[in-house]
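Observations on the three-dimensional arrangement
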Amino acid sequence: NKKNSNNIIYKYDNEDYLKFLKLKNKKKVKNKYITFLDMNFDNNFDFATERKKISKFNAKLYWKRVENFLDKIQARFKNYKVVIAAHPKRDFGGYPVNKKFIHNKTAELVQNSKFVITHYSSSTMLPVLFEKPILLLDDTSFDLHSFVRRAHIDCLSKNLSVNKINLNNYGK
């Protein structure tokens, strides 16, 4: 740690930042993506440990809305492949929607993306570092599970000057 006036600064490693440092000077591949950062809401360990198992959050409805949104994005951006960067704790197979989930390649996908779609994943730092446009997705059903989710999305929207889309209202 270093002292800076009256503040103490602690240094720590962050896996996403370390991946960014490895990739930032490497040549991009020709693949072009639009990447959705999966947060594994349907099997969220953090919320389970906080005893928030009693929830009215409907994961099937959430994923139906996400899939509908991603289908519309794919139709609009035909020269780009919409992919889902799987959350590190998501199991292989048995995916909630019929989309391509790619494991352990989030940094590479973001680096080669036209833009990134997310909620409030900690991996949102990657599109910031790679200077990629970000589209934030919100859903009023998050309030049925935890108000923290929408607060994080609102904070990112404000601090990054990024628009957000509510999945409940999209396409209406």
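A few points on the structure.

The rules we used
Residues numbered from 1 in each chain as written. Predicted model: local features only at pLDDT ≥ 70, side-chain atom pairs only at ≥ 80, totals over all residues. Heavy atoms only, no water. Helix = DSSP H or I, 4+ residues; strand = E, 2+ residues; numbered from the N terminus. Expected span 1.5 Å × (residues − 1). Buried < 20%, exposed > 50% of the residue type's maximum accessible area, 1.4 Å probe, protein only. Arc of directions from axis to C-beta. Contact = heavy atoms within 4.5 Å. Salt bridge = Lys/Arg side-chain N within 4 Å of Asp/Glu carboxyl O. Phe/Tyr/Trp six-rings, centres within 6.5 Å; stacked < 30°, edge-to-face > 60°.

Over its 18 residues, helix α3 (residues 59–76) extends 26 Å from the first C-alpha to the last, a length consistent with the 26 Å expected when each residue adds 1.5 Å. Within the sequence span of α3, burial applies to Tyr62, Trp63, Val66, Phe69, Leu70 and Ile73. Projected onto a plane normal to the axis of α3, the buried residues spread over an arc of 125° and lie on a single side. Those residues of α3 that are exposed and aimed more than 90 degrees away from the buried face are Lys60 and Lys64. Contact partners of the buried residues in α3: β3 (33–37), β4 (81–85), β5 (101–102), β6 (113–118), β7 (134–138) and β8 (164–166).

Turning our attention to the pattern of salt bridges. Pairing between side chains of opposite charge can happen when their charged atoms approach one another. One pass over the full model with this rule turns up five salt bridges. Note that Arg65 is salt-bridged to Asp139, the shortest N-O span being 2.9 Å. With a gap of 74 residues between them, Arg65 in helix α3 and Asp139 in the loop between β7 and α6 (147–160) connect regions that are remote in the sequence. On the basis of relative accessibility, which here comes to 0%, the residue Asp139 falls in the buried class.

Moving on: the packing of aromatic side chains. Given two aromatic rings, one states the distance between the centres and the angle between the planes to describe the pair. As enumerated under the stated definition, the model contains seven aromatic pairs in all. A ring pair is formed by Tyr62 and Trp63, whose centres lie 5.3 Å apart and whose planes are at 70°; its orientation type is edge-to-face. Each member of the pair, Tyr62 as well as Trp63, carries the same accessibility label: buried. Geometrically, the ring pair formed by Trp63 and Phe101 is tilted, given 5.9 Å between the ring centres and 55° between the ring planes. Separated by 38 residues along the polypeptide, Trp63 in helix α3 and Phe101 in strand β5 bring together distant segments of the chain. We classify Trp63 as buried; its relative accessible area is 2%. Look at Phe101 and you get buried, because its relative accessible area is 8%. Grouped by ring-pair contacts, the aromatic residues Phe36, Tyr62, Trp63, Tyr95 and Phe101 constitute a single cluster.

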